[in-house]
Amino acid sequence: MSTNGGMLEGKKGVIFGVANDRSIAWAIAKELADQGASLAFSYQGTTLAKRVTPLAEQVGSPLLLECDVTDEASLDAAGEKIRDTMGSIDFFVHSIAFANRDCLKGHYYVTPRADFLQAMEISVFSLLAITQRLAPIMNDGGSILTLSYYGAVKAVPNYNVMGVAKAALESSVRYMANDLGPRGIRVNGISAGALRTLASAAIPKLGDMLEANAERAPLKRQLDHEDVGRAGLYLLSHLASGVTGEIHYVDCGYSTKGF
Ligand code: NAD
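Residues numbered from 1 in each chain as written. Predicted model: local features only at pLDDT ≥ 70, side-chain atom pairs only at ≥ 80, totals over all residues. Heavy atoms only, no water.

## Some points on the overall build of the protein
What counts, and what does not: Think of it this way: any DSSP run of H or I at least four residues long counts as a helix, any run of E at least two long counts as a strand, and we number them from the N terminus. Values of the radius of gyration come from C-alpha atoms, whereas the globule rule sets the reference at 2.2 Å times the count of residues to the power 0.38. Burial classes follow relative accessibility: with a 1.4 Å probe on protein chains only, a residue under 20% of its type's maximum area counts as buried, one over 50% as exposed, and anything between as partly exposed. Only four residue types enter the tally: Lys and Arg on the positive side, Asp and Glu on the negative side, with His and both chain ends excluded. All charge positions are set by atom: Lys at NZ, Arg at CZ, Asp at CG, Glu at CD.
Across its full length, the protein carries eight helices and seven strands. For a compact globule of 259 residues, the expected C-alpha radius of gyration is about 18 Å, and the protein comes in at 17 Å, within 12% of that figure. Seen through its C-alpha atoms, the protein measures out along the principal axes to roughly 45 × 40 × 40 Å. Relative to its 259 residues, the protein shows a buried fraction of 53%. If you average the places of the 24 positive and of the 27 negative side-chain charges in the protein, the two averages end up 5 Å apart.

## Quick word on the site of the ligand
For clarity, the threshold we go by: Proximity is defined per residue: any heavy atom of the residue falling within 4 Å of a molecule or strand makes that residue near it. Any pair of N or O atoms that falls within 3.5 Å is considered a polar contact. Within protein, one atom must be able to donate a hydrogen and the other to accept it, and sequence-neighbouring residues count only if both atoms are side-chain atoms. Each residue is assigned to one of three groups, with Ala, Val, Leu, Ile, Met, Phe, Trp, Tyr, Cys and Pro labelled nonpolar, Asp, Glu, Lys and Arg labelled charged, and all others, Gly among them, labelled polar.
In the vicinity of the ligand there are 27 residues, among which S23, I24, K166, L195 and T197 approach most closely. At a separation of 2.8 Å, an oxygen atom of the ligand approaches a polar side-chain atom of K166. Broken down by class, the residue content of the shell around the ligand amounts to 16 nonpolar, nine polar and two charged.

## Focus on the sheet that holds strand β2 (residues 38-43)
So the rule is basically this: Only strands joined by at least two bridges in the DSSP assignment are considered to pair. Only the stretch in contact is used when a helix axis is fitted, and all axes are lines through C-alpha atoms; the angle between N-to-C directions ranges over 0 to 180 degrees. Pairs of residues are marked as contacts when any of their non-hydrogen atoms sit within 4.5 Å.
One open sheet accounts for seven strands, arranged β3-β2-β1-β4-β5-β6-β7; its pairing is parallel. What marks the edges here is a single partner per strand, and that holds for β3 (63-66) and β7 (247-250). This sheet shows a mean twist of 20° between the axes of neighbouring strands, independent of strand direction. Helix α4 (residues 113-134) rests against β1 (12-16), β4 (89-94) and β5 (138-148) of the sheet, and its axis sits at about 165° to β4.

## A word on the packing of helix α3 (residues 72-86) against α4
Inclusion rule: Any angle that is under 35 degrees is reported as roughly parallel, and any over 145 degrees as roughly antiparallel; angles of 65 to 115 degrees are reported as roughly perpendicular and all others as oblique. Crossing chirality is assigned from the near helix's rotation relative to the far helix, an anticlockwise turn below a right angle marking it left-handed and a clockwise turn marking it right-handed.
Viewed as axis vectors pointing N to C, α3 and α4 meet at an angle of 40°, and their least axial separation amounts to 9 Å. Comparing the axis directions of α3 and α4 gives the class oblique. Between α3 and α4 lies a crossing whose hand is right-handed. Along the contact surface, α3 presents E72, L75, D76, G79 and I82, while α4 presents A129, I130, R133 and L134. In terms of residue class, the contact of α3 with α4 is made up of five nonpolar, one polar and three charged.

## Notes on the packing of aromatic side chains
We describe a pair of aromatic rings using the distance from one ring centre to the other and the angle between the two ring planes. Threshold: By convention, a stacked pair of Phe, Tyr or Trp rings (six-membered ring in the case of Trp) has centres within 6.5 Å and planes under 30 degrees apart, an edge-to-face pair has planes over 60 apart, and any other such pair is tilted.
Inspection of every chain in the model, using the stated rule, returns five aromatic pairs. On the basis of an interplanar angle of 80° and a centroid distance of 6.2 Å, the ring pair of Y150 and Y254 is categorised as edge-to-face. A residue pair is termed long-range when its members are at least 10 positions apart, and Y150 in the loop between β5 and α5 (160-180) and Y254 in helix α8 (residues 254-257) qualify at 104 residues.

## Observations regarding the side chain of S123
Tracing the backbone shows S123 in helix α4. Within polar-contact distance, the side chain of S123 engages the backbone nitrogen of F98 at 3.1 Å. Within the structure, the side chain of S123 is placed 2.8 Å from the backbone oxygen of A119, a separation counted as a polar contact. When residues no more than four places from it in sequence are discounted, the contact partners of S123 are H94, I96, A97, F98, M162, A165 and L169.

## Some details on the nonpolar core
How we decide: Only buried residues count toward a nonpolar core. Its members are Ala, Val, Leu, Ile, Met, Phe, Trp, Tyr and Cys residues joined through side-chain atoms within 4.5 Å.
In this structure, L32, F41 and I82 are the most contacted members of the largest nonpolar core, which totals 89 residues. The biggest single contributor to this core is α5, with eight residues. Beyond its immediate stretch of four places on either side in the chain, I82 contacts V14, F16, L63, L65, G87, I89, L134 and I137.

## Brief notes about α4
Rules: The span expected for a helix works out to 1.5 Å for each residue beyond the first. The angle separating two fitted axes, one through the seven residues that finish at a residue and one through the seven that start at it, defines the bend at that residue.
Between its first and last C-alpha atoms α4 spans 30 Å; for 22 residues at 1.5 Å apiece the expected length is 32 Å, and the two agree. The largest bend in α4 comes to about 50°, at F125. Where α4 is concerned, the buried positions are D115, A119, I122, S123, V124, S126, L127, A129, I130, T131, R133 and L134. Packing partners of the buried residues in α4 comprise β1, α3, β4, β5 and α5.

## Quick word on the pairing of strand β6 (residues 186-192)
Definition in use: Whether a crossover is right-handed comes down to one check: with the strands pointing away from the viewer, does the path from the first strand over the helix to the second run clockwise; if it does, it is right-handed.
The buried count for β6 comes to seven of seven residues, which makes it a mostly enclosed element. Here β6 shows no split at all, with R186, N188, I190 and A192 on one side and V187, G189 and S191 on the other all buried. Of the strand pairs in this sheet, β5 and β6 are connected by six bridges, and their pairing is parallel. Among the inter-strand pairings, T146 is bridged to a residue of β6, identified as G189. Note that the unit made of β5, α5 and β6 has a crossover that is right-handed. Sheet topology note: the β6/β7 ladder contains four bridges and is parallel. Residue pairing for β7: A192 is matched across the bridge by V250.

## Thoughts on a nonpolar patch on the surface
Condition: Patch construction takes residues with relative accessible area above 30% that form no salt bridge. Like charges are linked within 9 Å, and nonpolar side chains (Val, Leu, Ile, Met, Phe, Trp, Tyr) are linked within 5 Å. Accessible surface area values rest on a Shrake-Rupley calculation with a 1.4 Å probe, where residue burial reflects the displayed protein chains alone. Definition used for salt bridges: Asp or Glu carboxyl oxygen within 4 Å of a side-chain nitrogen of Lys or Arg.
Nonpolar side chains collect at one region of the surface, where Y108, Y109 and V110 lie side by side and expose about 350 Å² of accessible area between them. Note that V110 resides in the loop between β4 and α4.

The following block contains the structure:
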């Protein structure tokens, strides 16, 4: 898939969070591969392997590995395998989140302790856990990208504990940008509008939400995966060389101007 003379020719990175061809991580990966990047893919659990393997092959991936971000040994093994296979890397994409489906409806304040901690661990701490393993092999001038949602800054019905996790994730982006800035490593997030994916299937009445968003948004249309993929390419490439610690809204203008 790579093209000669692409913007990311000679660059190497890791994509965390492809579950299938509807994953936002895959939309970003396709744009990066189109520009010549060499991409390793990390997936969660063997059941996803059969979906991710053909996608990784499609872009000539040199490495496909399993990593559960709740498991320290799995994270360590992934870090080692990435170092041994890729040597150094220029970027990674963190496109991972999880909350118990029961918490994505009704009141937020009733969230049980275990569900709260699980959402924070998988959706926020995982960014730190991966960075702890990969920052040492990142080339100076590298870039890190994560995915957030508007529910981080406004109380969006049903988003509940995931909104609180996204608020912590967005704050983590700012602190990590400060930590890694002296090495020229940039850390940014995309706050994507709602898209149909495996994860968003847990959100009740998603279809209604997508239609309402499109009516209110300045661009008067639903967001598509490619919109987010291209923004990912921008933030991970030299085009965004002066951009760090930012949460970049990609939602057809819905959350920023559409009310
Ligand atoms: P997705 O289901 O395709 O991706 C979520 C990924 O998280 C999956 O690959 C899953 O395997 C991974 N994951 C969950 N628990 C994990 C664990 N313990 N270890 C390793 N990986 C784990 O859905 P998506 O919508 O593409 O989600 C990607 C990111 O985009 C998430 O952070 C999500 O919150 C964010 N996001 C999604 C939307 C949307 O509407 N779909 C909007 C804004 C932001």
